[in-house]
Each structure stands twice: as structure tokens, then as C-alpha cells.
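A look at the structure
Residues per chain are reported as follows:
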Amino acid sequence: MDSDLSEWQRIALWMLAALAAALLASVVWHQQASRREKIRLINAARVRSGHVPLEIPTVRGSLGTHTDEAPDTLPEWFLQGKGEHAIVDEKPKVRLRYISPTGKKAECVMRVEHLDVRKKFIVGHGDLPGENWRLPLHAIVAARIADTGQRFNIDTWVDAVRVARRRRGEV
């Protein structure tokens, strides 16, 4: 009888240890998730205040006008003192992965012609004649700059375009 009691105590002790480990893992997981969310919110606030992060497509130019130059891949021009600033490229060439209206995953490479921030869709054209795209923002799963392959967050890019248009008075 005494050996049965100690075996049950051992089982209870192991169950208690497993429960404590699961509780500790849950607390650590939630703290890390909270930290990641705070960082995401801080970065979004920076973009809304006019900061242009390095991961979104940019062009060289003055802050007052928008140019259709190719995006810069190296920030050397900024250090050379040309008097130009990094501004958000509103018409980048991007590779998008999206969910089609039929529910299948699809991919396209497009030159953005127009970003409608109110209706939340992108209009652009591909390299082939007649290849036109109109994609809702909620359907886009991933975005990369077509020339460099660098990933960027489409929501951050949309916020940066919105801020750039507001600063130019185009809202």
C-alpha cells in the first residue's frame, strides 16, 4: 500500500511540474507577443509621422513632387550631398502573392499605376500587353520589390503613401 501511495505522489508531482512548465511557457509566449505588437505599433506610428523605413520602395527626389525614377537599392546618393531625399515610391514594380477570387494562391509581377487608399485596391500592369491587374489590398499575402527581391510590408507602404500624399496636399 505504501508503494502505491508514493507512485501516485510521483505521478501527481510530474503532472504538477508539467502544468507549471506549460504555465511558464504560456506567460513567456504572451510577453513576447505583447512585445512584438508594441514594436509593430511603434513602427506604424513612425510611418504615420513621416518616417520612411528602409524596407519599403523609395525614389530620390524633392519632397514636393513625385518622380518616376527607378527605386534606389543603396543609400549612397544620400551621403553624396545631392540635396535629394528618400521619398516613397508610389509606382513601384512589385511581385505580389495574393489570393484570387476563386480562393487559389496566385502570383504576379506588376508596375503599380494607382493605389486607391480609400477603396483599398491596387491597379497596375504587367510586362505583357493586355496584362492588367486590379487587386484588393486584403487579398495580398506577400509583396517583394521585383528588381531586388526584398520583402516589404504592403500595409506599411500604403500608410507611407497616404502620409506622402497628405504632405503634398493631395488627400
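What this report covers is the structure whose coordinates are included nearby. (Residues numbered from 1 in each chain as written. Predicted model: local features only at pLDDT ≥ 70, side-chain atom pairs only at ≥ 80, totals over all residues. Heavy atoms only, no water.)

Some points on the overall build of the chain
When helices and strands are counted, the chain shows 3 helices and 7 strands. In the chain, the order of α-helices and β-strands from amino to carboxyl end is α-β-α-β-β-β-β-β-β-α. Counting every position in the chain, which comprises 171 residues, the buried fraction comes to 27%. Considering only residue pairs separated by 6 or more positions, the chain has 49% of its internal contacts joining residues 24 or more positions apart. Surface exposure of the chain reaches about 12200 Å², of which carbon and sulfur atoms provide 57%. (Helix = DSSP H or I, 4+ residues; strand = E, 2+ residues; numbered from the N terminus. Buried < 20%, exposed > 50% of the residue type's maximum accessible area, 1.4 Å probe, protein only. Contact = heavy atoms within 4.5 Å. Areas by Shrake-Rupley, 256 points an atom, 1.4 Å probe, with all protein chains shown as cover.)

Some thoughts on the environment of Arg162
Position of Arg162 among the secondary structure elements: in helix H3 (residues 154–168). The exposure class of Arg162 is partly exposed, given its relative accessible area of 31%. Taking the C-alpha atoms as reference points, Arg162 and Arg48, 114 residues apart in sequence, are found 8.3 Å from one another.

What about the pairing of strand S5 (residues 121–125)?
Bridge analysis of strand S4 (residues 105–116) against S5 gives 5 bridges, and the strand direction is antiparallel. Bridge pairing in S5 links Leu115 to Ile122. Taking the residues between adjacent antiparallel strands as the criterion, S4 and S5 are bridged by 4 residues, where Lys120 takes a positive phi near 60°. When S5 meets strand S6 (residues 132–136), the two strands line up antiparallel, connected through 5 bridges. Among the inter-strand pairings, Val123 is bridged to a residue of S6, identified as Arg134. Between the end of S5 and the start of S6, which pair antiparallel, lie 6 residues, with Gly130 showing a positive phi angle near 80°. (Pairing = 2+ DSSP bridges.)

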